[in-house]
Every structure is written in structure tokens, then in C-alpha cells.
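So you can see what is in the structure, the chains are spelled out below.
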Protein chains: 2
Amino acid sequence: MSAAAPASLRVIDLIRKKRDGIALSAGEIAFLVDGAVDGSIAPEQLSAWLMAAWIRGLTREETCSLTLAMRDSGEKFDSSRLGKIAVDKHSTGGVGDKTSFLVAPLAAACGLAVPMISGRALGHTGGTLDKLESIPGYRTSLSLAEFETVLDRCGASIVSQTQSLVPADRILYALRDRTATVESPGLIGASILSKKLAEDLDALVLDVKTGSGSFLRKAEDAEDLAALMVAAAESAGTRTVALMTDMSQPLGRAAGNWIEIIEAVELLRGLRPPESEDLRELSLILAGWMIHLGGIAVTPEAGYALAEAALADGSALAIFFKMVDAQGGDASVFDDTAGFHAPGATQVLESWQSGYIAEMDTTAIGLAVQRLGAGRAEPGQAIDPHAGILFDARRGAHIEKGQPIATLYATGSALFAEPVAMLRQAIHISATRPDPVPLVSRVFTLESAENHLREKSF
Amino acid sequence: MSAAAPASLRVIDLIRKKRDGIALSAGEIAFLVDGAVDGSIAPEQLSAWLMAAWIRGLTREETCSLTLAMRDSGEKFDSSRLGKIAVDKHSTGGVGDKTSFLVAPLAAACGLAVPMISGRALGHTGGTLDKLESIPGYRTSLSLAEFETVLDRCGASIVSQTQSLVPADRILYALRDRTATVESPGLIGASILSKKLAEDLDALVLDVKTGSGSFLRKAEDAEDLAALMVAAAESAGTRTVALMTDMSQPLGRAAGNWIEIIEAVELLRGLRPPESEDLRELSLILAGWMIHLGGIAVTPEAGYALAEAALADGSALAIFFKMVDAQGGDASVFDDTAGFHAPGATQVLESWQSGYIAEMDTTAIGLAVQRLGAGRAEPGQAIDPHAGILFDARRGAHIEKGQPIATLYATGSALFAEPVAMLRQAIHISATRPDPVPLVSRVFTLESAENHLREKSF
């Protein structure tokens with residue numbers, strides 16, 4: 001039990017308080033979290049509180065209290081023995097987002113430790129662990145001791161959450177998922193941060209997606225989330241920035257599992273396919289911030305330059321292969337990536353008219369990727385490592401009728417009809433060129449996050 | 001399962017809808033109620049919906065839908081075989097409120113059937129069933145068949161809820177009690193009405209308490225509740241009025257169990273102790289409305305006159321004794337009520353100063369009655385039938401220092417210290433005479449209820 005939770009509290013009073021729009025103290029929030037984990041507070045009481053928190057909102061202080069109480073609800077990683085500055089990056093999730101496979105080795109190549117605990121695919125977004133598990137033999141489920149060994153050898157390790165790490169989040173998330181209380185900036189922020197801060201980080205870069213493929217579709221909610229997380233993580237002693245980044249189309253050209261790994265490795269090898277340029281740029285920006293916040297570079301721009309050098313000299317690629325090997329993966333599959341790629345069936349989606357690719361409903365595209373077999377409709381479903389979509393044209397490109405927009409991969413051709421129909425709905429081709437969307441629209445440092453929260457009365 | 005509930009609904013969508021302040025349809029509410037009763041909807045999902053309903057409020061239509069779905073969730077009484085108009089009165093609960101023992105025989109004496117299903121003491125309010133059970137042998141737990149037999153013989157019967165009657169209310173109330181979602185006009189209204197309408201009533205008179213001893217302390221909330229219940233009950237085809245009545249002091253002179261029965265029987269015998277005058281007046285007003293709505297009198301005033309006549313000619317007293325006998329009670333205890341009354345210990349509370357009895361914290365008085373042994377802090381606790389408080393002076397009376405304010409009854413004198421201290425806190429004696437409070441401050445008919453709901457945007 002957390003030391004901050006007074007024993008005399010009654011859960012019904014805390015539910016009533018939040019119901020009436022009054023903020024709870026750190027001790028009161030710790031009491032709720034402790035009660036969730038030890039089972040002394042019933043699920044129906046927790047979910048009444050969650051609904052009150054969803055509707056009334058959580059203040060900055062409540063988000064911070066909830067983050068810390070959840071972080072401390074179970075086992076934690078101790079990064080101090082690594083002898084390096086520990087940094088990580090977290091993204092709120094999107095389609096085709098494979099920056100982790102680039103930023104982790106890039107930051108490690110610059111002398112940092114990247115203890116990255118990641119998640120799985122659910123809904124329209126892909127999962128870092130599912131992508132890594134498309135590499136034959138790669139084990140994502142390591143003990144904290146094995147995690148430390150890989151980090152010692154490679155500087156980076158990407159693993160799944162253990163059962164004992166942040167149990168409060170598993171319990172509360174399962175309730176939120178069943179009670180329509182997921183999409184709340186404070187609750188999402190605390191859920192994300194509690195897991196990241198359990199990695200014992202010195203610095204954290206948050207990639208908060210905006211646009212049609214983002215989890216929080218309203219830009220305002222995404223900004224609130226970003227600012228809340230920066231303020232809460234900084235209060236907990238972790239230097240943190242949040243970048244608002246574009247998810248109005250898939251990031252890079254591949255959306256799936258193995259095909260995303262290939263795309264990341266191509267960039268680590270120094271190749272620059274034009275359809276992957278946004279992925280390369282965002283990865284370098286994120287890595288630049290990690291390197292800067294980790295104290296290796298005086299500015300994020302200087303960090304970007306160091307990351308670009310680590311890409312050019314092959315040191316990041318070497319770290320990626322070393323990590324794959326250290327986690328039981330067979331890195332020899334990268335000798336002939338196309339040879340290993342056996343999707344079973346392939347279908348080219350040709351453009352049904354001439355014009356500019358104007359708007360993309362990226363959530364619908366993510367769901368099409370899922371239907372091809374690359375994602376899950378329910379937790380625990382099996383995933384096809386080879387399924388996915390490779391885009392030949394990106395937003396803003398001019399395309400002729402009959403020209404290929406994308407190539408779809410699945411185990412059999414019967415799986416194509418529905419995703420093709422979804423893509424034809426999701427991709428709008430227009431006679432006029434769409435306005436470009438900036439890759440990074442805003443950066444929240446502690447100062448700008450605090451200003452934002454003050455303006456929004458959090 | 002209710003016919004109105006489409007099978008394709010998903011509970012999470014209904015929680016989300018209410019969370020976002022959108023009213024649910026009758027079919028959607030029936031789906032929730034059916035799922036609560038058959039166990040297909042988990043308690044944590046029901047309580048998330050209850051919290052959303054508490055914060056967002058229920059519309060008039062939602063309150064009506066919830067009332068009907070709950071009413072239809074189990075067994076129902078069929079009043080048609082009685083061959084009489086079925087009417088009832090329900091009070092939102094107070095201290096010293098024993099009008100049921102007067103209005104049931106009064107209305108029955110005027111030719112109506114009164115199938116009254118009542119509740120138990122909890123919190124600061126007394127319970128009709130606990131009061132009746134202070135009569136030796138009186139059985140409150142009758143089957144619906146026995147209930148019908150007593151009604152046939154006596155015209156009135158006061159019993160407890162059966163397990164199979166309105167099971168949805170038991171399930172939802174237990175959740176509301178644990179999740180701080182009790183005090184909501186819509187949820188309270190549906191809970192009350194579902195049970196009353198399961199009695200198959202032609203007409204219903206609601207006594208909604210206001211003031212320091214009422215369940216909803218804010219007059220505005222009590223009015224909303226009254227108007228919502230009138231509108232919902234009328235939509236269900238039951239002629240209904242709600243009277244807003246005073247609970248700024250205990251009703252009548254007795255608060256307890258057996259001593260309340262004695263007070264009611266004294267009035268039925270035609271006695272008029274001045275401290276019981278408010279109880280007599282309110283009982284005649286309520287009975288007058290029942291008789292009017294039941295079609296026996298053209299106006300509530302004419303109903304009042306008929307009720308007063310039934311009091312004067314002893315016919316209501318005869319019905320009360322007949323009902324006691326029919327439900328197994330020993331009516332001979334009323335031959336010498338003082339002789340049967342064996343409280344164990346008695347203490348007189350003398351006034352600590354001279355002046356007017358100005359304000360009474362009636363909730364605190366109710367809790368003092370409970371501590372004497374007449375009520376329950378937890379469901380299922382045993383009750384002392386003889387415990388209680390008999391008031392010698394009422395609000396507005398001038399009293400000299402040392403003069404008795406009240407007499408306390410309990411099984412032993414050790415039980416007096418705390419209630420005496422509570423009463424000294426609860427009763428304020430002032431140099432100035434307090435303004436009188438009207439016994440009935442407002443009457444909601446269907447028309448005035450609809451106007452009120454329109455004004456308040458329900």
C-alpha cells in the first residue's frame with residue numbers, strides 16, 4: 001500500500017466528491033488505486049468513480065497523483081545500474097507508426113539507454129510487439145533481469161509489460177474498456193505515464209498523434225492530453241516534451257507487421273525511398289529530442305544531427321540487429337527480406353479516378369489493415385505477420401486512373417474484398433491538390449504545457 | 001425480457017450515450033433493466049451508466065421508461081379482481097411519518113382498495129413495516145395471494161415487498177447505495193414508482209417531504225422529483241398528484257415504532273391531542289386526494305370531508321383493527337396501549353433555556369431515534385419496538401427552562417447519553433417566534449408538473 005493513503009477514507013465519499021466535481025487529494029487517489037489492486041474496492045465502485053472522472057475531468061494534480069499511485073502499484077525497473085541516462089519515446093498510436101524501431105537504436109547509438117516497454121495492436125492501431133514478433137524467434141516477454149541484460153549489451157530493448165508491472169493499469173484499463181471511460185485526457189495520460197515512469201526514466205519524448213488516424217480525434221483533446229502528460233511526468237522528475245505529430249495518413253509506406261519492420265530496416269540501412277521520407281524525418285526529430293533531453297546534445301537540432309550521423313554510419317542498424325539477436329530473433333532474415341516475405345496472396349489497388357490523393361480516413365485504413373489479418377478485433381486474437389498494406393502513393397500525390405495506390409497482402413485472396421471496399425471509402429481523390437499538413441504541428445515543453453493547462457483551467 | 005428491448009443493442013454504446021448527455025430510448029432503457037435482472041450486464045457497467053445518469057440527469061421520458069421497465073421486471077399485483085378502485089399513497093420518508101396507518105383505513109372506509117407495499121427503516125427515516133411489526137403477531141411478509149385475501153376482507157393491506165416484485169429495483173438500488181448515485185430525481189422517482197405501479201393502481205398520491213428531515217434537502221430537487229413522478233405515473237396511466245409537505249420537524253408527537261402506532265390509533269379513535277394536530281390534518285388531506293382521485297369525491301376537499309366522517313364514525317378504526325387481525329396481529333394490545341408499552345427505561349429531556357422552539361434539524365432527530373434502538377444503521381439490524389421519542393412541545397411553542405421538551409424511550413438508560421446530546425444540538429431555542437411553515441406548500445397535478453418540467457428543461 002502506498003504510504004500516502006490514509007486508512008480512514010471511505011470509497012463512497014471519494015466517488016461522491018468526484019461526482020460533485022471536486023478534485024481528490026494525492027492520498028485519496030492512492031487509496032483508490034491501492035484498493036483497486038488489493039481488491040478491497042469493488043469493480044462497480046471503481047467504475048462509478050471512473051465515469052465521474054471521465055465526465056468531470058481530472059485536474060493536473062489529480063493526473064499526476066494517479067500516475068504516481070499507478071506507477072507504484074507493482075514491480076518497477078531500476079535503470080540506475082545501467083550506468084547510462086535512460087530515455088524513452090512513447091506514441092499514442094497510429095497506423096504505420098514504426099518509429100520505435102528507428103529511435104531506440106538511434107538514441108542507443110548516441111550513448112543513451114532505451115528501456116522500452118511496449119504494447120500490442122488493438123482496434124485500428126498497430127502494436128510494436130506484434131511487429132517485432134514477425135521476426136522469427138524474437139521474444140518480447142522478458143523478465144526485468146533479462147531486460148536489464150539486453151540493455152547492458154545493446155543499449156536498447158523493446159519488450160512487453162510483465163504481469164507484475166503497473167497492475168493498477170491492467171485493472172483500471174479493463175474496467176474503462178467495458179464502461180466507455182477510455183477517452184479521457186487525464187485517465188489516458190496517467191495510464192501511459194504510469195507504465196513509462198515504471199521504466200525509471202531520466203527523460204521521455206511523447207509523440208501525440210493528431211488527425212484522422214489518431215486515438216483522440218479532436219485536436220483539442222490531443223493537446224490537453226499532451227500538456228497534461230508533460231506536466232505530470234515533469235512533476236515526477238522526468239524531463240519530458242510532447243510533440244503533436246501528423247496522423248492524417250499512415251506514417252511511411254507500410255502498415256502491417258513484417259512489412260513495417262522491413263521499412264524501418266531499409267531506413268536504418270541508409271536507403272531513402274520517397275514514400276518513407278516522413279517516417280525518416282519524424283524518427284530523426286524524435287530521436288533528436290531524446291538525445292537532447294538525455295543531455296548528449298545541447299539542442300534538439302544538435303540531437304537530430306547526431307541521430308542522422310548514427311543512421312549514416314550504420315551504428316544504429318548494428319544496434320537494432322544486436323537487439324534482435326539478444327532477444328532470440330533470427331537477424332539472418334534481413335539478408336533477403338523479400339525472400340522471407342510470404343503473404344500468400346497479393347492484390348494491387350488501382351486508382352478509380354485521376355487526381356490528387358486529398359484526404360485519408362486513417363482510422364478506416366487501420367481497420368482495413370486489421371481485417372487483412374495484421375491486427376486484432378479482440379485481445380488475444382492471432383495475427384498474420386505478413387498481412388498489411390504497402391502504399392505506392394501518399395497524401396498530396398497526383399495519380400492517374402488505373403495507377404497503383406497500394407498493394408495489399410494477406411494469407412488468401414478471399415480476405416481482400418472487404419479491405420479494398422474500406423480503402424475505396426477511406427481514400428478521397430480530388431481534382432485540387434490538398435494543403436500540406438506539417439509533420440510536427442506543436443511541441444509542448446514544461447513551460448508551454450503549463451501555459452496551456454492554465455488557459456484550459458485544468 | 002421486455003418486448004421493447006431490441007436484441008442488437010450493446011451496453012457500451014448506451015453507457016457512452018448517457019455519458020455524452022444524450023437521452024436513451026424506451027427500448028434502450030428496457031435493455032439495461034433486462035440485462036441487470038438476467039445478469040447479462042455486469043455490475044460495473046450498470047454503475048457506470050448510473051453515474052452518467054446521476055450527473056447528466058434523466059429526462060421525463062427516460063424516467064418514465066425506467067419506471068415501466070423496472071415495474072415489468074418481475075411479478076406484479078393484479079388489482080382488477082378486487083372489484084374496487086385501487087389507490088395508494090407514498091411518502092418519500094421522514095421522521096414520525098405515520099400517515100399510512102391513517103390514510104389506508106380512511107380511504108378503504110370510503111370504498112377504495114388500498115394495496116400498500118411498504119419499506120423498512122434505514123438511515124434517519126422510520127419504516128412503516130417496522131412500526132407495524134411492533135404489533136405482536138403482525139405479519140408484513142405476505143404472498144400476493146394472501147395480500148389479495150386481506151384486501152378483499154378489509155379494503156386495505158400494508159405488506160413488505162416480495163422477492164419477486166420489481167427485482168430490478170433491488171439490484172439497481174444496491175448498486176446506487178455503493179456508488180454514490182442514490183440522490184437523483186430521475187433514479188429515485190423510477191425506483192419509487194416502479195414499486196407503486198406494480199400494485200396496479202388507478203390513482204396515487206405522492207407525499208414529497210421538504211425541509212430539514214427530508215431525503216432531498218434542496219427544495220428544488222424535491223420539486224423536480226415530485227414533478228417527474230407525477231408525469232411518469234400519469235404516462236403509465238395512473239392518476240397522480242404530488243403534495244410537497246413539511247418535514248422541518250417530526251410529523252406528530254411520536255417518533256419510533258410502537259409509540260407511532262399508538263399515536264395513529266389515538267387519532268383513529270377520534271382523540272385530538274394538540275401535538276398530533278399536524279398529523280391528523282395531513283392524513284385527512286392525503287386521504288382526501290386519494291378519495292378524490294379514486295372518483296369517490298368530486299374535489300379533494302369533498303374527499304377530506306368524507307375522510308373526516310370516516311374518522312368520526314369509527315369506520316376507519318374498525319378497518320385498521322380488521323387489517324391488523326387479518327395479518328395475524330393481536331389487536332387486543334390496543335385495549336391498554338400504555339400497559340403493553342414496556343420501553344425498559346425513560347428519560348425526560350428538559351429545556352436548557354426559555355424561548356421558542358425555532359428550528360429543528362429533523363435528520364439529526366431521526367438519527368437520535370435510530371440510536372435509541374428504533375432504527376437501523378445497517379440493513380438487517382434488529383429494532384426495539386418500544387424505543388423512540390415522544391415530543392411534548394413542537395416547533396413554534398414557547399417553553400420555559402426546565403420544562404419537558406420530549407420523553408425518550410429505550411431498553412436501558414445507558415442508551416440515552418448520545419441521543420440527548422444529539423437532540424440538544426438539533427433543537428434550537430430562540431427568543432423570537434419562528435415563522436410558521438405551511439403543512440402543504442405546493443400540489444403538483446399533471447398540468448403543473450408538466451409546466452415545471454418544461455421550465456426546468458427535463
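## Notes on the pairing of strand E4 (residues 203–210) of chain B
Residue and element names in this part refer to chain B. Across the eight residues that make up E4, a large majority, eight, are buried. The alternating pattern of E4 places Ala-203, Val-205, Asp-207 and Lys-209 and Leu-204, Leu-206, Val-208 and Thr-210 on opposite faces, both of which are buried. Sheet analysis places strand E1 (residues 87–91) next to E4, joined by five bridges and oriented parallel. Considered in E4, the bridge of Val-87 is made with Ala-203. Inspection of the sheet shows E4 paired to strand E5 (residues 239–246) by eight bridges, in the parallel sense. Looking at E5, one finds that Asp-207 is bridged to Leu-243. After leaving E4, the chain enters helix H10 (residues 219–235) and then returns to the sheet as E5, a path that is right-handed.

## Regarding the relation of the copies chain B and chain A
Each copy of the sequence occupies a distinct position, and chain B is placed on chain A by a rotation of 179° and an axial shift of 0.1 Å, giving an RMSD of 0.0 Å. Accordingly, the operation relating the two chain copies is best matched by a two-fold axis. Considering only C-alpha atoms, the residue of chain B closest to the rotation axis is Glu44(B), which sits at 2.0 Å. Of the residues that chain B buries at the interface, 100% are likewise interface residues in chain A, meaning the two copies contact each other through the same surface.

## Description of the packing of helix H5 (residues 100–109) of chain A against helix H12 (residues 277–293) of chain A
Residue and element names in this part refer to chain A. Look at H5 against H12: their axes get within 9 Å of each other, and the N-to-C directions meet at 40°. Considered as vectors, H5 and H12 are oriented oblique to each other. Taken as a pair, H5 and H12 cross one another with a handedness that is right-handed. For the pair formed by H5 and H12, the contact residues are Leu-102, Val-103, Leu-106 and Ala-107 on the first element and Leu-279, Ser-283, Leu-284, Leu-286, Ala-287, Met-290 and Ile-291 on the second. For the contact of H5 with H12, a count of residues per class yields 10 nonpolar, one polar and no charged.

## Details of helix H13 (residues 300–312) of chain A
Residues and elements named next belong to chain A. For H13, spanning 13 residues, the distance from its first C-alpha to its last is 18 Å, which sits close to the expected 18 Å at 1.5 Å a residue. Among all positions in H13, only Pro-300, Gly-303, Tyr-304, Ala-307, Ala-310 and Leu-311 are buried. The buried residues of H13 occupy an angular sector of 120° when the element is viewed end-on, so they sit on one face. Residues of H13 that are exposed and point more than 90 degrees away from the buried face comprise Glu-301 and Ala-312. Those residues of H13 that are buried are in contact with H5, helix H11 (258–268), H12 and helix H14 (315–326). Of the residues one or two after H13, Gly-314 is the one with positive phi, at around 80°.

## A word on the sheet that holds strand E13 (residues 440–444) of chain B
Residues and elements named next belong to chain B. Strand order across the open sheet formed by four strands is E1-E4-E5-E13, with mixed pairing between neighbours. Two strands close off the open sheet at either side, each with one partner strand: E1 and E13. Taken over all neighbouring pairs, the strand axes of this sheet differ in orientation by 15° on average, direction set aside. Here helix H18 (residues 446–455) sits on the sheet in contact with E5 and E13, set at roughly 90° to E13.

## Looking at the nonpolar core
In terms of nonpolar packing, the biggest core is built from 258 residues, with Ile135(A), Ile427(A), Ile135(B) and Ile427(B) touching the most fellow members. Each residue touching Ile135(A), except ones within four places of it in the same chain, is listed here: Trp258(A), Ile261(A), Phe320(A), Val324(A), Gly329(A), Asp330(A), Val333(A) and Phe334(A).

## Some points on helix H7 (residues 144–154) of chain A
In an α-helix, one turn spans 3.6 residues; hence positions three or four apart end up facing the same way. All names here are of chain A. Regarding H7, the residues found buried are Leu-144, Phe-147, Glu-148, Val-150, Leu-151 and Cys-154. The arc enclosing the buried residues of H7, seen along the axis, measures out at 165°, which places them on a common side. The inward-facing, buried residues of H7 abut H5, strand E2 (114–118), strand E3 (156–160) and H14.

Basis of the calculations
Residues numbered from 1 in each chain as written. Chains lettered and ligands numbered in written order. Predicted model: local features only at pLDDT ≥ 70, side-chain atom pairs only at ≥ 80, totals over all residues. Heavy atoms only, no water. Buried < 20%, exposed > 50% of the residue type's maximum accessible area, 1.4 Å probe, protein only. Helix = DSSP H or I, 4+ residues; strand = E, 2+ residues; numbered from the N terminus. Pairing = 2+ DSSP bridges. Right-handed = clockwise from strand over helix to strand, strands pointing away. Least-squares fit on C-alpha atoms with pLDDT ≥ 70 in both. Contact = heavy atoms within 4.5 Å. Axes fitted to C-alpha atoms, helices over the stretch in contact; angles between N-to-C directions. Parallel < 35°, antiparallel > 145°, perpendicular 65-115°, else oblique. Left-handed = near helix turned anticlockwise from the far one by under 90°. Nonpolar A, V, L, I, M, F, W, Y, C, P; charged D, E, K, R; others polar. Expected span 1.5 Å × (residues − 1). Arc of directions from axis to C-beta. Core = buried A, V, L, I, M, F, W, Y, C linked by side-chain atoms within 4.5 Å.

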